[in-house]
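# What the coordinates show
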Amino acid sequence: MKQTKKQLTSKVVPFTGEFYPDVPEAAPAGNNLAAFLVMLAAALIAGLSLGAISTYQSADQVQLREMKSQSQQLEKVKNQVCN
């Protein structure tokens, strides 16, 4: 059998008559592992962020911060009264 080389075709741009070679598009290199690892890392970071936010805003933590603030204010008043 006779093998023929693939000939590149040209496109003619309307109104100018210029010829441009028709360049075949290269298939994108599929690096699925890297994309998967990036998505996995993003999901892990998002999960940790949501966990930290929900812990920080929990009722127990809010109450603990308020009690700590009141304790500090009480200590300041105690120092002012005793001195």
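A few points on the structure. (Residues numbered from 1 in each chain as written. Predicted model: local features only at pLDDT ≥ 70, side-chain atom pairs only at ≥ 80, totals over all residues. Heavy atoms only, no water.)

### With respect to the overall build of the protein
Looking only at helices and strands, the protein has two helices and two strands in total. Mapped in sequence order, the helices and strands of the protein form the string β-β-α-α. Carbon together with sulfur atoms contributes 62% to the accessible area of the protein, which is approximately 8400 Å² in total. (Helix = DSSP H or I, 4+ residues; strand = E, 2+ residues; numbered from the N terminus. Areas by Shrake-Rupley, 256 points an atom, 1.4 Å probe, with all protein chains shown as cover.)

### What about a nonpolar patch on the surface?
A cluster of nonpolar side chains, contributed by Leu-33, Phe-36, Leu-37 and Leu-40, occupies part of the molecular surface with about 430 Å² of accessible area. Along the chain, the position of Leu-33 falls in helix H1 (residues 32–56). Its relative accessible area of 57% is what places Leu-33 among the exposed residues. (Patch = residues over 30% accessible without salt bridge, like charges linked within 9 Å, V, L, I, M, F, W, Y side chains within 5 Å. Salt bridge = Lys/Arg side-chain N within 4 Å of Asp/Glu carboxyl O. Buried < 20%, exposed > 50% of the residue type's maximum accessible area, 1.4 Å probe, protein only.)

### Some thoughts on the packing of aromatic side chains
The full count for this structure, using the stated rule, is zero aromatic pairs. Taking the ring centre of Tyr-56 as reference, the NZ or CZ of Arg-65 above it sits at 3.8 Å. (Phe/Tyr/Trp six-rings, centres within 6.5 Å; stacked < 30°, edge-to-face > 60°. Lys NZ or Arg CZ within 6 Å of the ring centre and 35° of its normal.)

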